[in-house]
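Here is what each chain is made of, one letter per residue.
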There are 2 protein chains.
Amino acid sequence: MSALPETVARPILVQKFGGSSLGTPGRIKRAARRVAASQGAGYDVVVVVSAMGDSTDRLLSLASRVAKDPAARELDQLLSTGEGVSAPLMSMALNELGVPAVSLLGFQAGIQTDRRHARARIVGLTPARIERELADGRVVVVAGFQGMGTEMDVTTLGRGGSDTTAVALAAALKAQACEIFTDVRGIYTADPRFVPSARLLTRIAYPEMLELASSGARVMHPRAVEIAEAYTMELHVRSSFHAGPGTIICSEEAIMEDRNRVRGIAHEEHVARLSVVGVPDRPGIAASIFAPLADADIAADVIVQTASHEGVTDMSFTVASADGREAERILGGVAREIGARTVLAQNGLAKVSVIGSGIRGQPGVAATMFKALSDRRINIEMISTSEVRITCIIQAERVKEAVTALHEAFKL
Amino acid sequence: MSALPETVARPILVQKFGGSSLGTPGRIKRAARRVAASQGAGYDVVVVVSAMGDSTDRLLSLASRVAKDPAARELDQLLSTGEGVSAPLMSMALNELGVPAVSLLGFQAGIQTDRRHARARIVGLTPARIERELADGRVVVVAGFQGMGTEMDVTTLGRGGSDTTAVALAAALKAQACEIFTDVRGIYTADPRFVPSARLLTRIAYPEMLELASSGARVMHPRAVEIAEAYTMELHVRSSFHAGPGTIICSEEAIMEDRNRVRGIAHEEHVARLSVVGVPDRPGIAASIFAPLADADIAADVIVQTASHEGVTDMSFTVASADGREAERILGGVAREIGARTVLAQNGLAKVSVIGSGIRGQPGVAATMFKALSDRRINIEMISTSEVRITCIIQAERVKEAVTALHEAFKL
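Residues numbered from 1 in each chain as written. Chains lettered and ligands numbered in written order. Predicted model: local features only at pLDDT ≥ 70, side-chain atom pairs only at ≥ 80, totals over all residues.

### Concerning the pairing of strand E11 (residues 235-239) of chain B
For a regular strand, side chains alternate in direction, first toward one face of the sheet and then toward the other.
All names here are of chain B.
Right, on to step 1. Relative to E11, strand E9 (residues 177-182) runs parallel, the two being bridged by five bridges. Residue pairing in the sheet places Cys178 in a bridge with Leu235 of E11.
Right, on to step 2. Note that E11 and strand E12 (residues 247-250) share three bridges and pair antiparallel. Residue pairing in the sheet places Val237 in a bridge with Thr247 of E12. (Pairing = 2+ DSSP bridges. Helix = DSSP H or I, 4+ residues; strand = E, 2+ residues; numbered from the N terminus.)

In structure tokens:
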């Protein structure tokens, strides 16, 4: 009996490097050494790169010097050149280490998107070219953040775009893992600049990370986490500059220890609150308030509607401080149309959130949170909750104190 | 009798702007105003742009900092981002002037090339997208210098690439004219930095311009002139910074006056001469000398073979100074193989050429040239001629004097 030689497919690893990890030629070479080590360890490696350091800002500044309000399509063509520079540089750096490599732009990598410029969604992924290059023994370096819309137009994926590219590729290629290299060591129980005793998490579940990311922790963009959860793709957040275990973002089932705990404290400064007061309480009234804001690309965050009283209600919500003035202007018009009494705006607020799957069905968590803030005489302006998160809106100048108090209260 | 409204196609104008014409946002805006004026004058305009100012040098410097010898494919991906930046900026600047515009990269513009990276040739042009955008009333801004090779890989066209893009598009679109905007006012009878009395030419024929371009006048690349001649596309070389008539490059038939004259004096410094001495004179010997140089991408220019004497001959030719040392090394090996006696190399030479269709069949032109140089005691090291050009190789330190003497001798 003779045995035919068996072709063993090498596991695929996707490694994403952010802009600060690629800020200089020296940093690109350092990242290339990491990639080379992974290839040497037996992986087929796909690298996803962001634009180098501040190159996106430099391109935006050029645009602002030729036009006040550049068309989104042209801005996408322009901004996509940022990753168009870093991808071949990474490929060259790998070649220099003796690692065969090839760089692909979004359209070459088969990343199809819808045509919503500046915030395109990936609608299809045809990784035939990537798979062929991997089979030929090459590391494939993909320009993140970009894709091809209709008519071969270049699109960009908006904030967190390169993370999204990495996770989408990892899912399409059935990668064994997706590593996100960044300028922090992983996900912490709170912002280490606020809470020196903050602890690096070994693992965090997708829903918890989603809440953390949406609540102000900027390490990962929620979109990328959503896609990872949908495909149960483990994400490994690590530092480009330090060795160390980093944090693995995975399903709740994969976290054996500490399942019922509060996982971390997130915060976000620069929050404004808007209240539409004396709104006639009838069906469709919420839509008539929020649709014009969405049209102006203003995201309303924590939304609270008071109980209706004598046919009128108050609607309060938060937006990013930068959007506050524009939101107030829009709501002024809306209030007149729907017959609301007035619009109130308040700036200088902040969000502080307690996050963890342990919150689910444990009323004690909310009570502990409110007591910790109350003990410090920090006033709660608004409250919002989800299954795995409790958020309080407070005065911005108290946010550091609040995060520290909560970190202590939950013994993180 | 009723007349149906007649659709009159607007004439198409291709306008190409070089890197120095786009060096800053202010210069891009100035170029955009020119384009807007042409559109306002009734043309459908296609703009071809080079990379901004020194951006290609900046990209090359980045590459050199991550790899000693970057792969040509990756270098093409990298360098193409230069025009990828200037094209959308030009489009935005046009929008800002109220002119609808759209930017297209080489692959979007339908520019297909072979796969020879860094020196690709255009093998096909499918301008469907450009025609559709023009029909929709938009100015189309095309990134010059780049195309799409096989497998959607980005290629670049090498030196003079953006000129080539402009002329190829003008031919494919059956444009009425192709304007080349540059940092000089047009084609002169000699380099104005050498000869203050040099005169701007109103018109010059394709073969004359080809010889001028090949003989050191850097305004237009010979490839672009060749394509223009093949399609009888008139090229209009003009200054970006000054109003003025510029120079029209056209067929000889279109030049009514001065048909039998010397048109101009060209020169090129930094020339080295190599001589393979005592070459056994047998068939195929020239190929065995020049093929290894071509493989090393070294262009041999003026080639002179002495009459064979006792079965051996000498072969001399010029190369760019920068290639001199490498050529000498290669020829050392060749000389041993073919049994030649030795290889001599001389640096510090220059080329000076008299150009004009009037040279054809007029021996007096050569005599006048040699006498003018001899009167100044400038030694002629080598001579080479074509139908419309006579070139002498002289000592580099005499080149300015030689150009001035010839400009006077031919009363330009």
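### Here we look at the relation of the copies chain A and chain B
Right, on to step 1. Between chain A and chain B, the superposition needs a rotation of 180 degrees and an axial shift of 0.0 Å, giving an RMSD of 0.1 Å. This pairing of chains is accounted for by a two-fold axis. The C-alpha atom lying nearest the rotation axis in chain A is that of Thr81(A); the distance is 2.7 Å.
Right, on to step 2. Here 100% of the contact residues of chain A are again contact residues in chain B; the copies associate through an equivalent surface. (Least-squares fit on C-alpha atoms with pLDDT ≥ 70 in both. Contact = placed C-beta atoms within 7 Å.)

### A few points about the interface of chain A and chain B
Right, on to step 1. Opposite the 30 residues of chain A that make contact, chain B presents 30 residues.
Right, on to step 2. Those elements that provide at least two residues to the side of chain A that touches chain B are helix H1 (25-40), helix H2 (55-66) and helix H3 (72-96) of chain A.
Right, on to step 3. In terms of residue count, H3(A) provides more of the side of chain A that touches chain B than any other element does, 14 residues in total.
Right, on to step 4. Its residues assigned to classes, the side of chain A that touches chain B shows 18 nonpolar, seven polar and five charged. (Nonpolar A, V, L, I, M, F, W, Y, C, P; charged D, E, K, R; others polar.)

### Considerations on the environment of Arg261(B)
Residues and elements named next belong to chain B.
Right, on to step 1. Here Arg261 shows up in the loop between E12 and strand E13 (264-280).
Right, on to step 2. Looking at Arg261, the number of C-beta atoms within 10 Å reads 17, which means it is partly exposed.
Right, on to step 3. The contact partners of Arg261, leaving out residues within four places of it in the chain, are Gly356 and Gly358. (Buried ≥ 20, exposed ≤ 12 C-beta atoms within 10 Å, placed from the backbone.)

### Considerations on the domain arrangement of chain A
When the parts of a complex come together, some accessible area is lost, and that lost area is often taken as the interface size.
Right, on to step 1. Segmenting chain A into domains produces domain 1 (12-183) and domain 2 (265-409).
Right, on to step 2. The distance between the C-alpha centroids of domain 1 of chain A and domain 2 of chain A comes to 36 Å. (Domains from an automatic or database assignment.)

### Considering the environment of Phe145(B)
All names here are of chain B.
Right, on to step 1. Among the structural elements, Phe145 can be located in the loop between strand E6 (139-143) and strand E7 (146-148).
Right, on to step 2. When the C-alpha positions of Phe145 and Pro196 are compared, they lie 33 Å apart, and in sequence the two are 51 residues distant.
Right, on to step 3. With sequence-adjacent residues up to four places away left out, Phe145 is seen in contact with Ser50, Glu83, Thr156, Leu157, Gly161, Ser162 and Thr165.

### Re the nonpolar core
Right, on to step 1. With 125 residues, the main nonpolar core has Val46(A), Val47(A), Met90(A), Val142(A) and Met209(A) as its most contacted residues.
Right, on to step 2. Not counting chain neighbours up to four residues away, the residues in contact with Met90(A) comprise Ile28(A), Ala31(A), Ala32(A), Val47(A), Val49(A), Ser103(A) and Val141(A).
Right, on to step 3. The next biggest cluster of nonpolar side chains, apart from the first, holds 124 residues, and it includes Leu59(A), Ala175(B), Val195(B) and Leu293(B). (Core = buried A, V, L, I, M, F, W, Y, C linked by C-beta atoms within 7 Å.)

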